[in-house]
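This is what each chain is made of:
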Amino acid sequence: MIVLGIESSCDETAAALVDDGRRLRANLVLSQFDEHRRFGGVVPEIAARSHLTHLDGLIAEALETAGLGLGDLDGVAATCGPGLIGGLMVGAVTGKAIAAVQGLPFIAVNHLEGHALTPRLTDDLPFPYLLLLVSGGHCQLLAVEGVGRYRRLGGTVDDAIGEAFDKTAKLLDLGYPGGPAVEAAAREGDAKRFRLPRPMVGRPGCDFSFSGLKTALRQIAETLDYPLSRRDKADLAAAFQAAVGDVLADRCRHGLARFQELTGAKGPLVVAGGVAANQALRQRLESLAADQGVRLVVPPPKLCTDNAAMIAWAGLERLRLGARDPLDTPARPRWPLDELTPPSPDAPSQEPVSP
Ligand code: KG4
Ligand code: ZN
């Protein structure tokens, strides 16, 4: 079984072909960083136009890379939410058009489910597992019990974690995209020079908070000489990253306990989403997992940040359980993971339109 995946929910245009042997036949990602850099963040209108310009060509290139034609596909999966509506519509309409013309099943994939199921593509991980989903727009702990079966144990009460990284990068004038810039600066820094708070640490439950951390960072930065020296920036970035690491470790410890109550399983702990590309945070969670005696699974960085292989894979998992989505499935800016349902062959669905 081979599925074409399309991703266009934010600032990456991506197309991939994945088969049921967990092989990536093609995995192409076109980042729009250069188009958004001068604005210091993603501009939705520019993102949508760029997806429109590049998506067709990228799909053609993916097929060529894999040595496949549209006739070799068994299904088409496109991200239908959550994300920026313009980009989502471009990807969804493109996927639906290919499905309609080829007479193939269409699968409307939730972007977060793409991140959530990635460890099954990379590590063939069985259910259940505890998922720490850390991306530009999200920070949550979920019990993953099956395809479409997610139980939210907690999440951020204010900023998403990637957003905190991006805002920190902006504050320290480290450039865009923020997460990798903060990580690079932190590598040269002394995490002990400045002391930042650890919001939520020690509190019961699995919620997160990052806005206080950002404010504390700004207050320290304001006491230093302006413009900040390279050393100051590095030390602040290191302090920020260390604080985030401690917060994540504490919350995951609580999450593992709750997960065991719910499922009887002791891990594994999976980290997914763009922020999981951060090596220092990985190490921090590695030591937590070792302490707790659970396995830690983190997909390789290229499959943590946005890509279409995860969308093709989530589509493939749904497809082989009998799912098919109607061609009038809307794109949704907001689509929480715990609102998903497991695919059911009996669920009302629309047969693909024949050409
Ligand atoms: O999952 P993703 O690619 O897109 C969303 O679905 O949001 O995540 C993007 C987020 C951005 O906020 C980016 O700054 C962050 O992931 N990120 C990182 C790193 N690489 C990407 N954050 C920290 N360290 C990194 N190395
Ligand atoms: Zn993402």
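Below or above, wherever it landed, is the structure these notes cover.

Attention shifts here to the site of ligand 1. Surveying the vicinity of ligand 1 reveals 18 residues, the closest of which are Gly136, Asp166, Glu183, Gly274 and Asp306. At 2.8 Å, a backbone N or O of glycine 136 approaches an oxygen atom of ligand 1. Between an oxygen atom of ligand 1 and a side-chain N or O atom of aspartate 306, the distance comes to 2.9 Å. Against a free-state accessible area of 550 Å², the protein chains account for coverage of 88% of ligand 1. When residues of the shell around ligand 1 are traced back to their parent elements, those giving at least two are helix H4 (111-123), helix H5 (161-171) and helix H6 (178-187). In terms of residue class, the shell around ligand 1 is built from four nonpolar, 11 polar and three charged. Lining the shell around ligand 1 are residues from two domains, each supplying at least three of them: domain 1 (2-117 + 303-339) and domain 2 (127-301).

Now for the nonpolar core. Of all hydrophobic cores here, the largest spans 60 residues; its most connected members are Leu4, Leu17, Ile59, Leu131, Tyr150 and Leu337. Considering each element in turn, this core owes the most residues, eight residues, to helix H11 (residues 309-320). Three or more residues apiece are contributed to this core by two domains, here domain 1 (2-117 + 303-339) and domain 2 (127-301). The contact partners of leucine 131, leaving out residues within four places of it in the chain, are Ala116, Gln140, Leu141, Leu142, Val144, Val270 and Ala272.

On the basis of which strands lie adjacent, the open sheet formed by five strands has the order E8-E7-E6-E9-E10 and mixed pairing. Looking at the sheet topology across the chains shown, the edges are occupied by strand E8 (149-155) and strand E10 (296-297). Relative to E10, strand E9 (residues 269-272) runs parallel, the two sharing two bridges. Paired with valine 270 across the two strands is valine 297, which belongs to E10.

The zinc ion (ligand 2) binds to the protein through His111 (NE2), His115 (NE2) and Asp306 (OD); the donor distances cover 2.0 to 2.1 Å. All donor residues of the zinc ion (ligand 2) come from one chain, and their arrangement in sequence is H-x3-H-x190-D. With histidine 111 in helix H4 and aspartate 306 in the loop between helix H10 (301-304) and H11, the pair connects residues that are 195 residues apart, well separated along the chain.

Right, let's get into the packing of H5 against H6. Close contact between H5 and H6 brings their axes to 7 Å; oriented N to C, the two are set at 65°. You can see that H5 and H6 cross each other, and the crossing is left-handed. Taking contact as the criterion, the partners of Phe165, Asp166, Thr168 and Ala169 in H5 are, on H6, Gly178, Gly179 and Val182.

Another aspect to go through is the packing of aromatic side chains. As enumerated under the stated definition, the model contains four aromatic pairs in all. A centroid spacing of 6.0 Å and a plane angle of 90° characterise the contact between phenylalanine 33 and tyrosine 176, whose relative ring orientation is edge-to-face. You can see phenylalanine 33 sitting in helix H1 (residues 33-36) and its partner tyrosine 176 sitting in the loop between H5 and H6, a full 143 residues away along the chain. Ring centres 5.9 Å apart and planes at 15° place the aromatic pair phenylalanine 127 and tyrosine 129 in the stacked group. Take phenylalanine 127: its relative accessible area is 26%, and that puts it in the partly exposed class. Under the relative-accessibility criterion, tyrosine 129 is labelled buried at 0%.

How each quantity is defined
Residues numbered from 1 in each chain as written. Chains lettered and ligands numbered in written order. Predicted model: local features only at pLDDT ≥ 70, side-chain atom pairs only at ≥ 80, totals over all residues. Heavy atoms only, no water. Near = heavy atom within 4 Å. Polar contact = N/O pair within 3.5 Å; in protein donor to acceptor, adjacent residues only side chain to side chain. Areas by Shrake-Rupley, 256 points an atom, 1.4 Å probe, with all protein chains shown as cover. Helix = DSSP H or I, 4+ residues; strand = E, 2+ residues; numbered from the N terminus. Nonpolar A, V, L, I, M, F, W, Y, C, P; charged D, E, K, R; others polar. Domains from an automatic or database assignment. Core = buried A, V, L, I, M, F, W, Y, C linked by side-chain atoms within 4.5 Å. Buried < 20%, exposed > 50% of the residue type's maximum accessible area, 1.4 Å probe, protein only. Contact = heavy atoms within 4.5 Å. Pairing = 2+ DSSP bridges. Donors = N, O, S within 2.8 Å, 3.2 Å for Na, K, Ca; no water. Axes fitted to C-alpha atoms, helices over the stretch in contact; angles between N-to-C directions. Left-handed = near helix turned anticlockwise from the far one by under 90°. Phe/Tyr/Trp six-rings, centres within 6.5 Å; stacked < 30°, edge-to-face > 60°.

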